[in-house]
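# Per-entry structural report
One-letter residues, chain by chain:
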Amino acid sequence: MKRADAGAIYAYLQSLEPVTRAVAPHELRFPYGFRVLLWPWRWLYFEAGAYEPDPQRGERWNRGAYLVRHLGHCGECHTPRNWMGAKIEARHLAGNPDGPEGNSVPNITPHPEDGIGEWSRVDLTFFLETGFQPDGDVAGGGMGAVVSDSTGRLTAADREAIAEYLMGLEPLPSKAGGE
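Okay, so let's go over this structure. (Residues numbered from 1 in each chain as written. Predicted model: local features only at pLDDT ≥ 70, side-chain atom pairs only at ≥ 80, totals over all residues. Heavy atoms only, no water.)

With respect to the helices and strands, His78 occurs in helix α4 (residues 75-78). Judged by its relative accessible area of 9%, His78 falls in the buried class. Measuring from C-alpha to C-alpha, the distance between His78 and Pro55 comes to 25 Å, with 23 residues separating the pair along the chain. When sequence neighbours within four positions are dropped, the list of residues in contact with His78 reads Leu93, Ala94, Gly95, Asn96, Val105, Pro106, Ile108 and Met143. One polar contact links the side chain of His78 to the main-chain carbonyl oxygen of Pro106, over a distance of 2.8 Å. (Helix = DSSP H or I, 4+ residues; strand = E, 2+ residues; numbered from the N terminus. Buried < 20%, exposed > 50% of the residue type's maximum accessible area, 1.4 Å probe, protein only. Contact = heavy atoms within 4.5 Å. Polar contact = N/O pair within 3.5 Å; in protein donor to acceptor, adjacent residues only side chain to side chain.)

As structure tokens, this is what we get:
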């Protein structure tokens, strides 16, 4: 995350009225509650570093990439994971059959059959603002909350940047060969 963005988030949080509420304890299944196990996982899967724009892409595409990959962390739900819980980066945003709360999460690459390949950029920016899909269905569950609490509050330029990034991805089918 860029320092300016972190500072803006901090300033926003400081502007809110404090709320007194007990924090619920973590409910992690075995063995995920053992912090010592994070060290080997981080060694295998974590890559530290700041976002580096792709010099082969334009400013708007890079803004979209930053919003999707870093601030919005869309891949946390829309990317499948391996048996150790790490995202399968070769399948970035190709959908996740085992998403949050056991629900399937759709493919948001521009794949024409099971992704957003048939959507226009206008369709996508309208969805990010309102939650309405081109077929008239509406986002519910976790994505409904994302739209109402996040993407629906972005600037039109940021939603357009997200659309440009997503439409510029490699179109991947939801299932990889052999799955």
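Moving on to a nonpolar patch on the surface. A surface patch of nonpolar side chains, amounting to about 510 Å² of accessible area, comprises Met1, Ile9, Tyr12, Leu13 and Leu16. For Leu13, a relative accessible area of 47% corresponds to the partly exposed category. (Patch = residues over 30% accessible without salt bridge, like charges linked within 9 Å, V, L, I, M, F, W, Y side chains within 5 Å. Areas by Shrake-Rupley, 256 points an atom, 1.4 Å probe, with all protein chains shown as cover. Salt bridge = Lys/Arg side-chain N within 4 Å of Asp/Glu carboxyl O.)

Turning our eyes to something else, we now look at helix α5 (residues 121-130). Every buried residue of α5 is accounted for by Leu124, Thr125, Phe127 and Leu128. Down the axis of α5, the buried set is contained in an arc of 155 degrees. They therefore lie on one face. Contacts from the buried residues of α5 go to α6 (141-149) and α7 (156-167). Looking one or two places after α5, you find Gly131, whose phi comes out positive at around 90 degrees. (Arc of directions from axis to C-beta.)

For Thr109, the position within the fold is in the loop between α4 and α5. With a relative accessible area of 1%, Thr109 lands in the buried category. Apart from the residues within four sequence positions on either side, Thr109 is in contact with His92, Leu93, Ala94, Gly115, Ile116, Gly117, Glu170, Pro171 and Leu172.

Attention now moves to the packing of aromatic side chains. Taken as a whole, this structure holds five aromatic pairs when the rule is applied. Seen from their ring centres, Trp41 and Tyr45 are 5.4 Å apart, and the 50 degrees between their planes marks the pair as tilted. In this pair, Trp41 and Tyr45 are both assigned in helix α2 (residues 38-45), four residues apart and thus about one turn of the helix distant. Between the NZ or CZ atom of Arg42 and the centre of the ring of Phe46, over which it lies, the distance is 4.6 Å. The ring of Trp61 has Arg57 sitting right over it, with the charged end atom 4.3 Å from the ring centre. (Phe/Tyr/Trp six-rings, centres within 6.5 Å; stacked < 30°, edge-to-face > 60°. Lys NZ or Arg CZ within 6 Å of the ring centre and 35° of its normal.)

The residue His92 is located in the loop between α4 and α5 in this model. The class for His92 is buried, based on a relative accessible area of 11%. In contact with His92, not counting residues within four places along its chain, are Arg69, Gly75, Thr79, Thr109, Tyr165 and Leu172.

Moving on, we come to the pattern of salt bridges. Applying the stated criterion across every chain yields a total of nine salt bridges. We note a salt bridge from Arg60 to Glu160, for which the minimum N-O separation is 3.5 Å. With a gap of 100 residues between them, Arg60 in helix α3 (residues 59-71) and Glu160 in helix α7 connect regions that are remote in the sequence. With a shortest N-O distance of 3.0 Å, Arg63 and Asp158 are connected by a salt bridge. Here Arg63 is found in helix α3, whereas its partner Asp158 is found in helix α7, with 95 residues between them in sequence. Judged by relative accessible area, Arg63 falls into the partly exposed class, the value being 29%. The structure contains a network of salt bridges with shared partners spanning Arg69, Glu76, Arg81, Lys87 and Glu89.

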